[in-house]
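The primary structure of each chain is shown beneath.
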Amino acid sequence: MVGAYEARIDKLEREKLVLSERLENTVPPSGRLEECMELALRFLSNHWNIYKN
């Protein structure tokens, strides 16, 4: 019985490591948010041009 629990714990720890590595690779670089915000604000600041066109 103890062996089954230990095996399950080992498996879960390996899954945890895989998921943490995957998370590190999916986090966007810090400059990405600023670029998106700048583009969106530039788009919204020209609302008259958008309406006219």
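The structure displayed is predicted, hence computed values, not measured ones.

**Q** Just checking my understanding: could you explain the overall build of the protein for this structure?
**A** Check the secondary structure of the protein and you find three helices and zero strands. For the protein, the sequential pattern of α-helices and β-strands runs α-α-α. For the protein, buried positions account for 0% of its 53 residues. If you sum the accessible surface of the protein, you get close to 5,500 Å²; carbon and sulfur atoms cover 62% of it.

**Q** How should a nonpolar patch on the surface be read in this particular structure?
**A** A cluster of nonpolar side chains, namely L33, M37, L41, F43, L44 and I50, defines an oily patch on the protein surface of about 640 Å² accessible area. The residue L41 is located in helix 2 (residues 31-45) in this model. We classify L41 as exposed; its relative accessible area is 53%.

**Q** Is there a simple way to explain the confidence of the model for the protein in this structure?
**A** Close inspection of predicted coordinates is inappropriate for parts of the model with low pLDDT. Looking at the protein as a whole, the pLDDT averages 83, with 89% of positions reaching at least 70. Confidence, read as mean pLDDT per element, is least for helix 3 (residues 47-52) in the protein (72) and greatest for helix 1 (residues 2-26) (91).

Criteria and thresholds
- Residues numbered from 1 in each chain as written.
- Predicted model: local features only at pLDDT ≥ 70, side-chain atom pairs only at ≥ 80, totals over all residues.
- Heavy atoms only, no water.
- Helix = DSSP H or I, 4+ residues; strand = E, 2+ residues; numbered from the N terminus.
- Buried < 20%, exposed > 50% of the residue type's maximum accessible area, 1.4 Å probe, protein only.
- Areas by Shrake-Rupley, 256 points an atom, 1.4 Å probe, with all protein chains shown as cover.
- Patch = residues over 30% accessible without salt bridge, like charges linked within 9 Å, V, L, I, M, F, W, Y side chains within 5 Å.
- Salt bridge = Lys/Arg side-chain N within 4 Å of Asp/Glu carboxyl O.
- pLDDT = per-residue confidence, 0-100.

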